[in-house]
Amino acid sequence: MVATGFLLGATVVFLVGRYLEVNLGMAWAGYMRAAAEAGMVGALADWFAVTALFRRPLNLPIPHTAIIPAKKDVIGDSLGDFVGENFLSEAVVRDKLDRAEIAGRVGGWIGLQENADRVAAELSTAARGIVTVLRDEDVQAVIEQILVRKLLEQPVGPPLGKVLEGVLLDGGHRRLVDLVCDRAYDWVAENHDMVLRVVRERAPNWTPRFVDDMVADKVFVEVQNFAWAVKADPEHPLRKAVDKFLIEFANDLQRDPATIERAEQIKQQIVDHPDVQRFIGQAWGTVKRMILDAAADPSSELRIRVSKGLMAFGRRLGADSELRGKIDGWLGDVASHVVRHYRREITTLITDTVGRWDAAETSRKIELQVGRDLQWIRINGTVVGALAGLAIYTFSELIF
């Protein structure tokens, strides 16, 4: 309306100037008429130029008009290429990430208690959503068909033998042997009456009772002394025998076919046990309830540990420049890989979106965004045209 008002104003000034110039003979009116006339020409020319971008002026089939509707797909392709070449190049993306210092910013942000709690809450929400969406029967089938099957397919003997061999080499089993010896000695010391009763029951009927008691006491003392010797002496022959047995057993688990087969039979018996089968059948339900309960409770151990872990990681990022550099480097490598291999797919989002738009709708959307600013071209065309016409008329009057 303002731009059109300038055109109408120039027209009125032109008519008044022309009237004063022709009918009243006022020479100065020629200057006014020439300026207004040039202003009208500039306003009309720029109106035509602006309108021709979006539609055909006066619906006339003038060539090279309605440029945006006619060239919509070309504009979309050009816009996609422009974004891909100037914004999605490896150098631009990596430079932007380097200057952003994402690792340092993230570390400073999650190092604060409230932010760590917020992230933990969001992770809990995501975990609840994932767990809720998963179908129980599908997850249970994965557990039974994949995990359990893999367990059954892999021989258990060699890995167990390897672990046991490592424990024996480190001497870690000695604490267990010490515990067994301690408990054995304590049991012997507390069961004198049981030894006496066993000797009496197994003694001949013709032996006197006091003889049986003497024998029982002697047996008890010998057993107790033996248990104490095993307990107190780390180099006792019995301990050596246990070590030798365990070493041989670890070796057999890894290399003896009979022992390996026996271990497989025991594994199968354990898996086939009703209690184990019941546990496998209820495994996902139990895990699911644990996850949902822990994720829903802000004071749960899981939420607290996640929050503390995030805070600790954030503080480490803030203090460890080498770690920040590594993470920023990884982010740069990932971003470079994405734009290097998938830049076309990303820019296709622009071209495909523009391609799906209706031509008239596309023109209308662009005009709504930039049309208001384009009206200044019409206004400026009116003003500049008027000034140019005035200058040309003045120059011609001075010359002629």
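Residues numbered from 1 in each chain as written. Predicted model: local features only at pLDDT ≥ 70, side-chain atom pairs only at ≥ 80, totals over all residues. Heavy atoms only, no water.

Going by the annotation in an unreviewed UniProt entry, the name recorded for the protein is Membrane protein, with Pseudonocardia asaccharolytica DSM 44247 = NBRC 16224 given as the source organism.

Asker: Just to check I follow, could you spell out the overall build of the protein for this structure?
Answerer: In terms of regular secondary structure, the protein is built from 18 helices and zero strands. Compactness check: the protein gives a C-alpha radius of gyration of 47 Å against a globular reference of 21 Å for 400 residues, more than 25% above the reference. Summarising its shape, the C-alpha atoms of the protein cover approximately 165 × 45 × 40 Å along the three principal directions. In the protein, which comprises 400 residues, the proportion classed as buried is 29%. Residue pairs in contact within the protein that sit at least 24 positions apart in sequence constitute 69% of those at least 6 positions apart. Each charge class in the protein can be summarised by its mean position, and for the 49 positive and 55 negative side chains these summaries are 4 Å apart. (Helix = DSSP H or I, 4+ residues; strand = E, 2+ residues; numbered from the N terminus. Rg over C-alpha atoms; globule rule 2.2 N^0.38 Å. Buried < 20%, exposed > 50% of the residue type's maximum accessible area, 1.4 Å probe, protein only. Contact = heavy atoms within 4.5 Å. Lys, Arg positive; Asp, Glu negative; His and termini not counted. Charge placed at Lys NZ, Arg CZ, Asp CG, Glu CD.)

Asker: Teacher, can you tell me more about the domain arrangement of the protein here?
Answerer: Much of the literature gives interface size as the accessible area that the parts lose upon coming together. When its domains are assigned, the protein resolves into domain 1 (1-65 + 358-399) and domain 2 (105-319). Using C-alpha coordinates to define each centre, domain 1 is positioned 92 Å away from domain 2. (Domains from an automatic or database assignment.)

Asker: Before we go on, may I ask you to explain the packing of aromatic side chains in this structure?
Answerer: Centre distance and the angle of the planes are the two values used to describe a pair of aromatic rings. In the structure shown here, the tally under the stated rule is four aromatic pairs. Ring centres of Tyr 31 and Tyr 393 lie 5.1 Å apart, and the angle between their planes is 90°; on these two criteria the pair is classed as edge-to-face. With Tyr 31 in helix α2 (residues 28-54) and Tyr 393 in helix α18 (residues 359-399), this pair connects stretches of sequence that are 362 residues apart. A ring pair is formed by Phe 82 and Phe 87, whose centres lie 5.8 Å apart and whose planes are at 70°; its orientation type is edge-to-face. (Phe/Tyr/Trp six-rings, centres within 6.5 Å; stacked < 30°, edge-to-face > 60°.)

Asker: What am I meant to see in the pattern of salt bridges here?
Answerer: A pair can form between side chains of opposite charge whenever their charged atoms are brought close. Here the structure, examined in full by the defined rule, presents 14 salt bridges. Ionic pairing is found between Glu 367 and Arg 55, a salt bridge with its closest N-O pair at 2.5 Å. You can see Glu 367 sitting in helix α18 and its partner Arg 55 sitting in the loop between α2 and α3 (67-70), a full 312 residues away along the chain. Given a relative accessible area of 24%, Glu 367 falls into the partly exposed group. (Salt bridge = Lys/Arg side-chain N within 4 Å of Asp/Glu carboxyl O.)

Asker: Is there a simple way to explain the packing of helix α9 (residues 157-170) against helix α13 (residues 237-255) in this structure?
Answerer: In contact at an axis separation of 7 Å, α9 and α13 are set at 150° when each is read in the N-to-C sense. Looking at the two axes, α9 sits roughly antiparallel to α13. The handedness of the crossing between α9 and α13 comes out as left-handed. Packed against α9, whose contacting residues are Gly 157, Pro 158, Leu 160, Gly 161, Lys 162, Leu 164, Glu 165 and Leu 168, the element α13 presents Leu 246, Ile 247, Phe 249, Ala 250, Leu 253 and Gln 254 at the interface. Across the contact of α9 with α13, the residue classes break down as nine nonpolar, three polar and two charged. (Axes fitted to C-alpha atoms, helices over the stretch in contact; angles between N-to-C directions. Parallel < 35°, antiparallel > 145°, perpendicular 65-115°, else oblique. Left-handed = near helix turned anticlockwise from the far one by under 90°. Nonpolar A, V, L, I, M, F, W, Y, C, P; charged D, E, K, R; others polar.)

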